[in-house]
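Reading the structure
Here is what each chain is made of, one letter per residue.
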Amino acid sequence: MAAEDQLPETLKPFFHRATEAQERLARLEAAVASTKTDVPDAELVEKITQMQCKLEEANKTVKQEKDKVEKLTSENEKQRYRILHLVRALEDADEKLEKLSK
């Protein structure tokens, strides 16, 4: 209390209240520190890590499926093109056969 003795009388109540507030703050910080555990934080981190892994796997699967769809779409277009030309070739062959049979 040497610092308090050197203060003017008007400032002593403020200094006393400030000291009490600092003591209460120190007790609160100690109470919070003693009740806080890192286990929930570690559990949350573990869950987040697991979810990120699952998300990455899901993204890989989605990309693979998109690639399959693109490949199948391309193959489908090729098959349609072939079918179109086969139908035209059959029609031409039918016309030629008809002309020959007349």
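Look above for the structure.
Residues numbered from 1 in each chain as written. Predicted model: local features only at pLDDT ≥ 70, side-chain atom pairs only at ≥ 80, totals over all residues. Heavy atoms only, no water.

**As for the overall build of the protein**
Within the protein, the secondary structure is distributed over three helices and zero strands. Seen in sequence order, the protein has helices and strands lined up from the N terminus as α-α-α. Taking all 102 residues of the protein together, the buried fraction comes to 2%. Total accessible area on the protein stands at roughly 9,800 Å², and carbon and sulfur atoms take up 60% of it. (Helix = DSSP H or I, 4+ residues; strand = E, 2+ residues; numbered from the N terminus. Buried < 20%, exposed > 50% of the residue type's maximum accessible area, 1.4 Å probe, protein only. Areas by Shrake-Rupley, 256 points an atom, 1.4 Å probe, with all protein chains shown as cover.)

**Considerations on the pattern of salt bridges**
Summed over all chains, the structure comprises three salt bridges. In this structure, aspartate 67 and lysine 63 form a salt bridge, with 3.4 Å as the shortest nitrogen-oxygen distance. Taken together, the residues span about one helical turn, with aspartate 67 and lysine 63 both in helix H3 (residues 39-101) at a distance of four residues. Here lysine 68 ties to glutamate 65 by a salt bridge, and the two come within 3.5 Å at their closest N and O atoms. Taken together, the positions of lysine 68 and glutamate 65, both in helix H3 and three residues apart, correspond to about one turn of that helix. Judged by relative accessible area, which is 48%, lysine 68 ranks as partly exposed. (Salt bridge = Lys/Arg side-chain N within 4 Å of Asp/Glu carboxyl O.)

Shape descriptors only; they carry no functional weight alone.
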